[in-house]
Protein chains: 2
Amino acid sequence: MITRMSTLFLRTLREDPADAEVPSHRLLVRAGYVRRVAPGIYSWLPLGLRVLHNVERIVREEMDAIGAQEIHLPALLPKEPYEQTNRWTEYGPNMFRLRDRKGGDYLLGPTHEELFAQTVKGEYNSYRDFPVYLYQIQTKYRDEERPRAGILRGREFVMKDSYSFDLDDDGLRSSYERHRGAYIRLFDRVGLRYVIVAATSGAMGGSASEEFLAESITGEDTFVRSTESGFAANVEAVTTPAPAAGSVEGKPAAEVHHTPDTPTIETLVDFLDSSGERGFTAADTLKNVLVKTRQPGTREWELLAVGVPGDREVDMKRLEAALEPAEVELLEDADFAANPFLVKGYVGPKAVQDNGVRYLVDPRIVTGTAWVTGADKADHHVVDLVCGRDFTPDGTVEAADVREGDPSPDGNGTLEAARGIEIGHIFQLGRKYTDAISLDALGQDGKPKRVTMGSYGVGVSRMIAAIAEQHHDSSGLVWPREVAPADVHVVVAGKDDTVREGAERISAELDEAGVRVILDDRGVSPGVKFADAELVGVPTIVVVGKGLTKGVVEVKDRATGEGTEVSADSVVGHLVGLVRS
Amino acid sequence: MITRMSTLFLRTLREDPADAEVPSHRLLVRAGYVRRVAPGIYSWLPLGLRVLHNVERIVREEMDAIGAQEIHLPALLPKEPYEQTNRWTEYGPNMFRLRDRKGGDYLLGPTHEELFAQTVKGEYNSYRDFPVYLYQIQTKYRDEERPRAGILRGREFVMKDSYSFDLDDDGLRSSYERHRGAYIRLFDRVGLRYVIVAATSGAMGGSASEEFLAESITGEDTFVRSTESGFAANVEAVTTPAPAAGSVEGKPAAEVHHTPDTPTIETLVDFLDSSGERGFTAADTLKNVLVKTRQPGTREWELLAVGVPGDREVDMKRLEAALEPAEVELLEDADFAANPFLVKGYVGPKAVQDNGVRYLVDPRIVTGTAWVTGADKADHHVVDLVCGRDFTPDGTVEAADVREGDPSPDGNGTLEAARGIEIGHIFQLGRKYTDAISLDALGQDGKPKRVTMGSYGVGVSRMIAAIAEQHHDSSGLVWPREVAPADVHVVVAGKDDTVREGAERISAELDEAGVRVILDDRGVSPGVKFADAELVGVPTIVVVGKGLTKGVVEVKDRATGEGTEVSADSVVGHLVGLVRS
């Protein structure tokens, strides 16, 4: 196929769009790949759509290769299946909801676990039918609070979602591994650099889960990785190595001290420092943070106290992930007023537990450790309160913030922070959705067996933004060949007939050989053409110009900028070789 | 590609679905191509999705062949562009509307004229840029009052919509002709029998317009065609040949008669018959029907009188089409009460016109024709009221019903009624949408020129229903090869290893040769396999069974049912020949 710039529906822009903060957004708009229609809602112009189709084809090939079967479910969905799993409510304002002319409730599908489970239930019922993998490549909808960065976080976007259905946990694990392998192959093929991080399961329910993050400083997802090993994880998924429990024997007795005006850790440490015989630091104090939680589908809030070492903050995202699917909120003044046993700034384990409030602590707070903490009385703290002797937490919780330099959970090296763009997510969902609709298979023994499910997503349109983030320079986009909108960009650099005809001939021969060509046959200056070729980012640029009188053209590698003179007679063979390599 | 029935996500049904009234719906569900999710909302299972992709590919190829460029606009659209053209209101309850989390109004695109015009305005501004043809293949949404017949009239459906942008009317006409040609080629390729009918322009505005209707007795669209010529038209688009005007000279004078109890044409004719010197028929009477109309965007209703020969009914659909975009309603009793000059059952032209009500008549009511009509007084009619002498209509209107046997508007033969499924629609829209957003191109003379637009739609998913309506028999579907989910359906008719291995070898060799194979390798009886093969409808069925011991297999043509014994050694070559023919 020869695409002529003279007729291609494309206008490149010299200026960056005003709303574009990240390179992919800036360049995809400037090079005429996408256009904004509304916040987080974009049109795909011809070159953008070609890249999208290329990525879709690669995804399709890799999914087919593991035996997944493509189907296509609606985007407009009735409420009922989402009510059965409670997601009609749980999804909150991120879900687009609407009513039809008869008043029926519908939604625009943000993800399709319910519908896939229902679809399998509609067709299959015997152990012989399983495992089965189904996928779709589909337009999805999420009413993001802050859509950003063009197609990086849109409200209408293209996703590949697939689902595995197995009879047992071993089967699920193997289905998960096969999808993981397919994802590795497909992200490799599109030229992305990425890490696979351990993740929490988000709002999906279930257990094992990993995210594929394209490394990018503009990414929205923070993750940590070990300086030594291959360990990488979402901050929400980092576990804190617990020190060995110690003996409580021989520890000094707990003692209440008058510590006026010390409602914060900082004021407390300052006071202890200035008054104290011993050198206390924030790490010696125990900070108790009060939150309230509510289980999905219930209306009652319940108090919860979280204890962390005073040199750490409670990271609400980690706490929320740990308590999922419950909602979590910080206490307001009214809550303190309603629970007078909570003395703001001086909360200790005792009042909390005496009043039936659950008390969860950071894994570092083990038996035998001694703490300075609130004495449940204004201007008073207790010193040498020993865990396992003076208080016994109701359990541990991963709520303390994670910091660079923390030990890596796998015991190798320390953690460092990095940023990435989530391009894939794989989950071992388990039976959350199959339980909701009673998806069973008749076992070999004639007894029904509850099916177990995996869910696997690829952000197809987001992947294009991620590729653009990783593959560009100051002049424009630099597409990896397999996703590029064309293989070769032929620039007609001159007005005389020889040059024009030479370029036409080379383009026609390339086309004949199955090479995808963009031919810049416009009546604009070579400078404009060069700039556009670099902006558009096709991997190989061929300049047909004055050299043709000497029988040569220039073949330029868009990525390295290297140019080579190649004889006009052999250039087609040369380029076919490049493209097929 | 070899698709194994043992793992294919497919369960055929022996029973017709309860809600299926038409063959395509029944068979597409029974053969496992589609599944219902909600009224008018369907999932595509693997075989259905393959057919959909095949049709999409054909549409794409034919659109690309006329130089149209594929883009992809969002389905979720902001209200504003649709407000500019008034369609936010005009579309009424057929449009899905929703609000985002910030309260912004959005819609699910039923068609995209506004957005395409806006997109062109965003990129192009010079006469050099035109003409340009853009298209998309996209999921569209219409909240149909009565979704029916599976994917035949869905609420979520796939459409190809394209738009042409030209600088002048000649350009638009030529763009229209090119699209018309592309549609003829693509509907021919998918194996549809269809007619091209003159159509009214619907809610789209504009002038010339034709519909492609797939002939089908289950079709929702009625059309008429000439018994002699190629003329075909929507009932709404049929024009009535007007007789030549005659002289008013020498006609008897109009005379009011006392005609007690004759408020209907039937009672009037009976009365005249029994009392009369002359033999009057209903065709000699002039029936005046009162309606009220309202222009879009206004709140006031206006009265309108429509005169038709008494042997015809007013066809409200034709009247609405003629008065579009105005709304039309019949008068209620309250309206008669509010306008006492309207004597129900005895309305004549005089009172109507004397009271400033517009009076439009059927084209058959020409100067020199004499009529019996209401005398604007209860129980009275006037006889010999001559058009052009005693009353002068304000114009003509196509409101009378069209009947089989009416003369064809092109003068050749008479009309007969037929039914069809609308699969394509082409419009010369003109400047309705470009005026709304001031889409101009700078002309060669430096002056802005308003762009003119064409709009062209293909019902991609509906086309599949139409193909199924035309291509099936009592055993199942009978796909034309280019849209079929596979080329060859290999049935393993026997359990011994020779048969199984023979079928595997033939399938592998076919696959090697690029033939798409379904291989029924299931452990079920040959009878079940034969029934499923016929139901699924792949064009060629190969039965590998006992004959293999004699070195033969059976090749069966699904459409004709003819079976041929072919030697197992040459069957692959034979089938490749069939597929490529």
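Chain A is annotated in an unreviewed UniProt entry as Proline--tRNA ligase from Halosaccharopolyspora lacisalsi. Of chain A, the UniProt comment under Catalytic activity (unreviewed entry) reads exactly: "tRNA(Pro) + L-proline + ATP = L-prolyl-tRNA(Pro) + AMP + diphosphate". Under the Sequence similarities (unreviewed entry) heading, UniProt states for chain A: "Belongs to the class-II aminoacyl-tRNA synthetase family. ProS type 1 subfamily."

(A) Inspection of unusual backbone geometry at higher detail. Residue Pro131 of chain A is reached from Phe130 of chain A by a cis peptide bond, and omega for that bond is 0 degrees. Mapping Pro131 of chain A onto the fold places it in the loop between α5 (113-123) and β8 (132-141). If you check the backbone angles, Ser438 of chain A has positive phi at about 55 degrees while not being a glycine. The residue Ser438 of chain A is located in the loop between α11 (432-437) and β23 (440-442) in this model. With a phi angle near 65 degrees, Asp379 of chain B is a residue other than glycine that sits in the positive phi range. Along the chain, Asp379 of chain B turns up in the loop between β19 (370-374) and β20 (380-386).

(B) Up close: the side chain of Thr540 of chain B. Residue and element names in this part refer to chain B. With respect to the helices and strands, the residue Thr540 is situated in strand β30 (residues 540-544). Assessed through its relative accessible area of 2%, Thr540 is described here as buried. Only 2.7 Å separates the side chain of Thr540 from the side chain of Arg481, close enough to count as a polar contact. Apart from the residues lying within four places of it in its own chain, the contact partners of Thr540 are Arg481, Asp487, Val488, His489, Val555, Lys556, Leu575 and Leu578.

(C) Geometry of the side chain of Arg312 of chain A. Residue and element names in this part refer to chain A. Relative to the helices and strands, Arg312 resides in the loop between β16 (302-309) and α8 (316-323). In this structure Arg312 comes out as buried when scored by relative accessible area, which is 10%. Beyond its immediate stretch of four places on either side in the chain, Arg312 contacts Lys287, Arg364, Ala400, Asp401, Val402, Arg403 and Asp406.

(D) Quick look at α8 of chain A. Residue and element names in this part refer to chain A. Residues of α8 that are buried include every one of Arg318, Leu319, Ala321 and Leu323, and no others. Residues of α8 that are buried make contact with β15 (286-294), β16, β17 (327-330) and β18 (358-361). Where α8 begins, one side-chain oxygen reaches toward the backbone nitrogen of Lys317, 2.9 Å away; that side chain belongs to Asp315.

(E) Main features of the relation of the copies chain A and chain B. For the pair chain A and chain B, the relating rotation is 180 degrees, the translation along its axis is 0.1 Å, and the fit reaches an RMSD of 0.2 Å. Look at the turn and shift together and you get a two-fold axis relating the two. Measuring from the rotation axis to each C-alpha of chain A, the shortest distance belongs to Leu98 of chain A, at 2.6 Å.

(F) Representation of the pairing of strand β22 (residues 415-430) of chain A within the structure. All names here are of chain A. With 13 of its 16 residues buried, β22 lies for the most part within the structure. Inspection of the sheet shows strand β11 (residues 209-215) paired to β22 by seven bridges, in the antiparallel sense. Counterpart to Glu211 in the pairing with β22 is His425. Alignment of β22 against strand β25 (residues 452-459), held across six bridges, turns out to be antiparallel. Bridge pairing in β25 places Gly430 opposite Met453.

(G) Representation of the pattern of salt bridges within the structure. All names here are of chain A. Counted under the stated rule, the structure contains 106 salt bridges over all chains. Note that Lys79 is salt-bridged to Glu83, the shortest N-O span being 3.8 Å. Of the charged contacts, one joins Arg294 and Glu327 as a salt bridge, the two residues approaching to 3.0 Å between their closest N and O atoms. Highlighted residues: Arg294 in strand β15 and Glu327 in strand β17, separated in sequence by 33 residues.

(H) Fine view of the pairing of strand β9 (residues 156-166) of chain B. Residues and elements named next belong to chain B. The element β9 is largely enclosed, with a buried count of 11 among its 11 residues. Along β9, one buried face is formed by Glu156, Val158, Lys160, Ser162, Ser164 and Asp166 and the opposite face, lined by Phe157, Met159, Asp161, Tyr163 and Phe165, is buried too. Note that strand β8 (residues 132-141) and β9 share 10 bridges and pair antiparallel. When the sheet's bridge partners are listed, Lys140 is paired in β9 with Phe157. The sheet contact formed by β9 and strand β25 (residues 452-459) spans eight bridges and is antiparallel. Looking at the pairing, Tyr163 lines up with Ser455 of β25.

(I) Quick peek at the sheet that holds strand β32 (residues 563-567) of chain B. Residues and elements named next belong to chain B. One open sheet accounts for six strands, arranged β1-β29-β28-β30-β31-β32; its pairing is mixed. With partners counted over all chains shown, the strands left at the sheet margins are β1 (2-4) and β32, one partner each. Going from strand to strand, the sheet's axes swing by 25 degrees on average, the running direction of each strand aside. Alignment of β1 against strand β29 (residues 517-520), held across three bridges, turns out to be parallel. Among the inter-strand pairings, Arg4 is bridged to a residue of β29, identified as Leu519. The sheet strands contacting helix α14 (residues 526-536) are β28 (488-492), β29, β30 and β31 (552-557), and the helix crosses β28 at an angle near 170 degrees. Strands β28, β30, β31 and β32 of the sheet are contacted by helix α15 (residues 571-580), whose axis makes an angle of about 15 degrees with β31.

What counts, and at which threshold
Residues numbered from 1 in each chain as written. Chains lettered and ligands numbered in written order. Predicted model: local features only at pLDDT ≥ 70, side-chain atom pairs only at ≥ 80, totals over all residues. Heavy atoms only, no water. UniProt positions renumbered as here; feature names shortened; annotations may be inferred. Helix = DSSP H or I, 4+ residues; strand = E, 2+ residues; numbered from the N terminus. Buried < 20%, exposed > 50% of the residue type's maximum accessible area, 1.4 Å probe, protein only. Polar contact = N/O pair within 3.5 Å; in protein donor to acceptor, adjacent residues only side chain to side chain. Contact = heavy atoms within 4.5 Å. Least-squares fit on C-alpha atoms with pLDDT ≥ 70 in both. Pairing = 2+ DSSP bridges. Salt bridge = Lys/Arg side-chain N within 4 Å of Asp/Glu carboxyl O. Axes fitted to C-alpha atoms, helices over the stretch in contact; angles between N-to-C directions.

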